[in-house]
Amino acid sequence: MVQQYQSPVRVYKQPFELIMAAYARRFPKCPLIPVFVDSEILKQSESKDGSVVVTERRCTIDIEAPRLLKRIAGVEYLYFIQKNTLNRKDRTLHIEVHNETFSSRVIVRECCSYMAHPENEDWTCFEQTASLDMKSFFGFESTAEKIAMKQYASSIKKGKEIIEYYLRELEGEGVTYIPRWVPPVEGGFLSAGRAVPVSGAIDGLPAKDLANPTELMACPADDKLDADYIRRYLGDLTPLQESCLIRLRQCLQETHKGKGIFIHTATAH
């Protein structure tokens, strides 16, 4: 049976460029994620104007599994391939991940997206989907599936905390603003500018407030549920509970097209 995960929309009250600076600090390895042992860049390419950068990494993961299961599987670490496509012009980062280890026995797929908020250019949206198809695993399919889902739920929660941590770290270094990408001009590139300290300003505007770096705001376009909306009406759910709610709502939307009022009411209480 294929296990699926769909996150609600999370909206960070910080601009895309600052979120990307925080995200980049997770590599090549992140002490805040003990299971994330290391990563190496396999290849990287950049468009002629520098607006699009594609980076492919191999990530080494130490799954918290029973020693016996690791011995049976014959591996100490798992390897995943991550492809990141950063579009500086469109202000988007698309992340695609799949497993390299046991790829004939287990199929793991994950897609994440960071993007500028469609209604407020100074905010950033984040969405995440994943699937796990356990075809065979030495007769321990059920056990391996439970371990994988538990590990994944833990990493989802940790991921939100890590962005907060690195935003605070940037703030401590005086970085509260990162200029947007600009296209090249004749004779070279326009100046990328410099980071503005907490007490500074740019073009007469006050520096950004980082008191609540990941405050969740209203849901973006396309009538998607955001994390703050879920918390307000249903309290704190686990990542997997949030996923079930999102997938239920998607199912209702497909089944009851044209009956938006019913769908909204059913998912708001």
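Residues numbered from 1 in each chain as written. Predicted model: local features only at pLDDT ≥ 70, side-chain atom pairs only at ≥ 80, totals over all residues. Heavy atoms only, no water.

Per an unreviewed UniProt entry, the protein chain is named PRELI/MSF1 domain-containing protein, and its organism is Ataeniobius toweri.

Novice: Just give me the short version of the overall build of the protein chain, but keep the residues and values in it.
Specialist: Within the protein chain, the secondary structure is distributed over six helices and 10 strands. The buried share of the protein chain, taken over its 269 residues, is 41%. Considering only residue pairs separated by 6 or more positions, the protein chain has 58% of its internal contacts joining residues 24 or more positions apart. Taken as a whole, the protein chain presents about 15200 Å² of accessible surface, with 54% of it coming from carbon and sulfur. (Helix = DSSP H or I, 4+ residues; strand = E, 2+ residues; numbered from the N terminus. Buried < 20%, exposed > 50% of the residue type's maximum accessible area, 1.4 Å probe, protein only. Contact = heavy atoms within 4.5 Å. Areas by Shrake-Rupley, 256 points an atom, 1.4 Å probe, with all protein chains shown as cover.)

Novice: Describe helix α1 (residues 16-24), and please don't skip the residues or the numbers.
Specialist: With respect to burial, α1 is a largely interior element, eight of its nine residues being buried. Of all the residues in α1, the buried ones are Phe16, Glu17, Leu18, Ile19, Met20, Ala21, Ala22 and Tyr23. Packed against the buried residues of α1 are β2 (10-12), β5 (78-87), β6 (92-99), β7 (106-116), β8 (124-134) and α3 (141-172).

Novice: So what's going on with the nonpolar core? Which residues, and what values?
Specialist: Judged by nonpolar contacts, the single largest core of 41 residues is most densely connected at Leu93, Tyr114 and Phe137. Of all elements in the fold, only α1, β4 (52-61), α2 (67-73), β5, β6, β7, β8 and α3 reach the threshold of two or more residues within this core. Residue contributions to this core peak at eight residues, all from α3. (Core = buried A, V, L, I, M, F, W, Y, C linked by side-chain atoms within 4.5 Å.)

Novice: Help me get a handle on the pairing of β7, residues and values and all.
Specialist: Sheet topology note: the β6/β7 ladder contains seven bridges and is antiparallel. Note on β7: the bridge partner recorded for His98 is Arg109. What sits between the antiparallel neighbours β6 and β7 is a turn of six residues, in which Phe102 has the positive phi angle 60 degrees. (Pairing = 2+ DSSP bridges.)

Novice: Quick one: what's the story with the side chain of Ser113, residue by residue and with numbers?
Specialist: Here Ser113 is to be found in strand β7. Judged by relative accessible area, Ser113 falls into the buried class, the value being 16%. When near neighbours in sequence (up to four residues on either side) are disregarded, Ser113 contacts Leu93, His94, Cys125, Phe126 and Glu127.

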